[in-house]
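Structural overview for review
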Amino acid sequence: MFLIRICLMAFNALRANLLRSLLATLGVIIGVAAVITAMSILEGTRREIMDTFQSFGADQIIVWPARTRAGGRAVRNADTLTLEDAEALQNSGSEHILRAAAEVQVPGVVVKHGNRNRQYWLLGTNEAYSAINRYTVARGSFIDATDVMSDNKVVVLGHEVANDLFGHGNPVGFRVKIQGIGFLVIGVMEKKGTLGLRNVDNQVIIPVTTAMRRLLGTKTVSNIVVQARNPQSLPAAQTEIKKVLRTRHRLSPGQSNDFDMFTQEETKKQLNQTVKLLAVVLYSISGVSLVVGGIGIMNIMLVSVTERTREIGVRMAVGAQRGDILRQFLIEASAVSLLGGLGGILLSIGFNGALENITTVLKTYTPWRTIMIAVTMALMTGVFSGIYPAYKASRLDPVEALRYE
């Protein structure tokens, strides 16, 4: 009951100096809003990227050429992977490897139909691509083994490409030109959005042999995608891939691999490390805002102690203990900080919504845990900022305080 009376006295004191109390909360409002916004952006971005990586499939291994080095630093990917490497992996007879697809990727390839022409991402691959990525055709058919063996000039269009070049019509059976060479449209892929880190709706797919021999004149591929039997087979499949490729590339036991392998789990680990680094940076900036807010509360409370010196003396003269004075000023500081925390929550909610509407690509997510952390930080800021002013008020000499003018 006595503590309730102290709380009421503290809130009455804050209400008596409402404008000053609100100004004291400003730093905490900004600090809490910064903390919640930073955590919301990080969590939203992490979820968005993780959802994107899920589209890879947890059973995939991406094999890339190793980076060549000059002057002790990596400069470019070496030309080490071939179509025969992918075929060797496919036909390895390993119980851990289900499928393999060689890929040739070229950005900014001109595709033309009639008077419409645009630049799209070109992907050369084989018939296993659709099954590996669980990405199927909506119209027509996908490229098959015969198309790959015969270097057929056939193309499967991404969803956006079909809409751009043919509107709402059915493109199957029509011809398009890719880099000036005519291709027969045999299919249109389903609307997928992103697959890995690429918008596959905005790509054209042709047989990998056609891309290598008719368009690019190259003997190497960009990468090889290998599908393991299941996610549990990934380590064993990586071992098999290493064995097959090292044998094919004639690498001696002491030589380094001329290829690199990545799985979804490894990519997730790298992403989590990046997110943690960004979190440290953003939280440090937000923490500075809270420290500034805490200093503001401390200054306001010190001014309040000076202005209310006589009041403190009267209370002590009529029986108030030093602990009562200490608790009152701590409650006042905590109340100011908590009010700022609530204001910061509202500000961050509005700011997050504005960010999503303005940028359209940026997604935020604010779990309850984030809000609870922000409120706790605000309350702790108030307590720590109020300790010194409260201690100073509680240590005043009652006689000297009563004489204060």
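Refer to the structure presented above.
Let me begin by describing the structure that accompanies this report. Nothing here was measured: the structure is a model prediction, and the numbers come from that model.

Procedures and definitions
- Residues numbered from 1 in each chain as written.
- Predicted model: local features only at pLDDT ≥ 70, side-chain atom pairs only at ≥ 80, totals over all residues.
- Heavy atoms only, no water.
- Patch = residues over 30% accessible without salt bridge, like charges linked within 9 Å, V, L, I, M, F, W, Y side chains within 5 Å.
- Areas by Shrake-Rupley, 256 points an atom, 1.4 Å probe, with all protein chains shown as cover.
- Salt bridge = Lys/Arg side-chain N within 4 Å of Asp/Glu carboxyl O.
- Helix = DSSP H or I, 4+ residues; strand = E, 2+ residues; numbered from the N terminus.
- Core = buried A, V, L, I, M, F, W, Y, C linked by side-chain atoms within 4.5 Å.
- Buried < 20%, exposed > 50% of the residue type's maximum accessible area, 1.4 Å probe, protein only.
- Contact = heavy atoms within 4.5 Å.
- Phe/Tyr/Trp six-rings, centres within 6.5 Å; stacked < 30°, edge-to-face > 60°.
- Polar contact = N/O pair within 3.5 Å; in protein donor to acceptor, adjacent residues only side chain to side chain.
- Axes fitted to C-alpha atoms, helices over the stretch in contact; angles between N-to-C directions.
- Parallel < 35°, antiparallel > 145°, perpendicular 65-115°, else oblique.
- Left-handed = near helix turned anticlockwise from the far one by under 90°.
- Nonpolar A, V, L, I, M, F, W, Y, C, P; charged D, E, K, R; others polar.

**Looking at a nonpolar patch on the surface**
A cluster of nonpolar residues, Leu338, Leu342, Leu379, Met380, Val383, Phe384 and Ile387, forms a patch on the protein surface that exposes about 590 Å² of accessible area. Breaking the nonpolar patch down by element, the ones donating at least two residues are α11 (322-359) and α12 (368-394). A per-element tally of the nonpolar patch places α12 first, with five residues. Position of leucine 379 among the secondary structure elements: in helix α12.

**Here we look at the nonpolar core**
Ranked by size, the top nonpolar core spans 43 residues in total, and within it Val63, Val155, Val176, Ile178, Ile224, Val226 and Ile241 carry the most contacts. Top contributing element to this core by residue count: strand β4 (residues 97-113), with seven residues. Setting aside anything within four residues of it in sequence, one finds valine 226 in contact with Asp59, Gln60, Ile61, Val63, Leu89, Ile97, Arg99, Ala100 and Ile241. If you look at the next biggest cluster of nonpolar residues, it comprises 21 residues, including Ala24, Ile36, Leu290 and Val336.

**Regarding the environment of glycine 158**
Topologically, glycine 158 is positioned in the loop between β7 (154-157) and α6 (159-166). Taking the C-alpha atoms as reference, glycine 158 lies 9.8 Å from alanine 138; in sequence the two are 20 residues apart. Dropping the residues within four chain positions of it, glycine 158 is found in contact with Val188, Met189, Val200, Asp201 and Gln203.

**So, the packing of aromatic side chains**
One pass over the structure, following the stated rule, counts three aromatic pairs. Plain terms: the ring middles of phenylalanine 166 and phenylalanine 174 are 5.8 Å apart, the flat faces sit at 55° to each other, and that makes the pair tilted. Classification of phenylalanine 174 by relative accessible area gives partly exposed; the value is 44%. An aromatic cluster of at least three residues, connected via ring pairs, comprises Tyr129, Tyr135 and Phe142.

**Some points on the side chain of serine 94**
Checked against the element boundaries, serine 94 lands in the loop between α3 (83-90) and β4. For serine 94, a relative accessible area of 11% puts it in the buried group. At 3.1 Å, the side chain of serine 94 and the backbone nitrogen of histidine 96 are in polar contact. Excluding anything up to four places from it in sequence, serine 94 contacts Arg229 and Glu240.

**Thoughts on the environment of glycine 343**
For glycine 343, the location among the structural elements is in helix α11. The exposure class of glycine 343 is partly exposed, given its relative accessible area of 22%. Distance in space between the C-alpha atoms of glycine 343 and threonine 25 is 8.5 Å, their sequence separation being 318 residues.

**Some words on the packing of α11 against α12**
In contact at an axis separation of 7 Å, α11 and α12 are set at 150° when each is read in the N-to-C sense. Regarding the angle of α11 to α12, the classification is roughly antiparallel. For α11 against α12, the interelement crossing comes out right-handed. Its residues assigned to classes, the contact of α11 with α12 shows 16 nonpolar, seven polar and one charged.

**Brief notes about the packing of α3 against helix α8 (residues 234-248)**
Running from N to C, α3 and α8 cross one another at 135°; their axes reach a closest spacing of 10 Å. By the angle between their directions, the pair α3 and α8 is classed as oblique. Of the two elements, α3 crosses α8, and the hand of that crossing is right-handed. Counting all contacts with α3, which are made through Glu84, Asp85, Ala88 and Leu89, the residues of α8 involved are Ile241, Val244, Leu245 and Arg248. Grouping the amino acids of the contact of α3 with α8 by side-chain chemistry returns five nonpolar, no polar and three charged.

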